[in-house]
Every structure is written in structure tokens, then in C-alpha cells.
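# Secondary and tertiary structure notes
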Amino acid sequence: MHHLLLALTTTPSPLPTPGLREGISEDQITPGLWGFIMTAFFVLATTLLIVDMVRRIRRVRYRAQVEEERQAAAEAADIEAADGHDGLGVAGDTDASGDKAGLEDNGHGQAADRPQPRD
């Protein structure tokens, strides 16, 4: 066994030949013009697909951001409307000048935001 390992390590490997083997032409081992055209086509198609994908992802993110902002604005409007109905502007409240808070007098002894009775 030892002699076999020694023989394998000392056996010289064949030298590479400087040219092509006999019977093989350079056209048979290179991709040629059609190989270059196909490779360029795949690179271009892949690049266009990546650009399109990035554009679509950006559009989806922007739409999601706009939708979140719209929902936040709607929720804020709902909260303000609920606060207005919960009695934050009660007719009995007065401000520092002694006037009723949130209500203006229309000259007839009634608040301006209340409907006027028809005479």
C-alpha cells in the first residue's frame, strides 16, 4: 500500500498542450456570436425585470403609506367628533370673560349654533 501511494505522488502529471486537440476547431469550443447575443438578451431581460419589480414594490409601499395616513386622519376625525359629542363644549361652561364657552349669543338670548325659531 505504501508503495502505491509513493508511486502516485512521484508520477508526473501530463503537461497541458499549448493548442487544441486534433480535429477540434475554435468554433466548436466557443459560444460564438449566437452565444453572446443570447447572453446579452438574458442580462437585459433580467435587468428590466429587476427594475420593474423595484418600481412595483416602491408603488405598493407608497400606497400602503398613503392608506395608513388616510386611516390615521379618519381616526383622528372620529376621535374629535366623539369628543365633541361627549360634552367638551357644554353650554354651561364659561370662559375667563364670563361668556359661555363655545357658544355665541345671537342677540335673541339663544346660542348662535342653535337653530332659530321662525317668527
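None of the values given here were measured: they were computed from a predicted structure.

## Topic: the pattern of salt bridges
- Using the criterion set out here, one finds 2 salt bridges in the structure.
- With a shortest N-O distance of 2.9 Å, R56 and D52 are connected by a salt bridge. Here R56 and its partner D52 are both found in helix α2 (residues 32–85), 4 residues apart, which amounts to about one turn of the helix.
- Where R70 meets E67, a salt bridge forms, and the shortest distance between an N and an O atom there is 2.6 Å. Here R70 pairs with E67, and both are found in helix α2, just 3 residues apart, close to one helical turn.
- By relative accessible area, which is 49% here, R70 ends up partly exposed.
- When its relative accessible area of 34% is taken as the criterion, E67 is described as partly exposed.

## Overview of a nonpolar patch on the surface
- Taken together, the side chains of L33, W34, F36 and I37 present a nonpolar region at the surface, about 520 Å² in accessible area.
- Within the fold, W34 resides in helix α2.
- When its relative accessible area of 66% is taken as the criterion, W34 is described as exposed.

## Concerning a positive patch on the surface
- Together, R55, R58, R59, R61 and R63 line one region of the surface with positive charge.
- Mapped onto the secondary structure, R61 falls in helix α2.

Criteria and thresholds
Residues numbered from 1 in each chain as written. Predicted model: local features only at pLDDT ≥ 70, side-chain atom pairs only at ≥ 80, totals over all residues. Heavy atoms only, no water. Salt bridge = Lys/Arg side-chain N within 4 Å of Asp/Glu carboxyl O. Helix = DSSP H or I, 4+ residues; strand = E, 2+ residues; numbered from the N terminus. Buried < 20%, exposed > 50% of the residue type's maximum accessible area, 1.4 Å probe, protein only. Patch = residues over 30% accessible without salt bridge, like charges linked within 9 Å, V, L, I, M, F, W, Y side chains within 5 Å. Areas by Shrake-Rupley, 256 points an atom, 1.4 Å probe, with all protein chains shown as cover. Lys, Arg positive; Asp, Glu negative; His and termini not counted. Charge placed at Lys NZ, Arg CZ, Asp CG, Glu CD.

Such coordinate-based values are descriptive only and should not be taken to indicate function.
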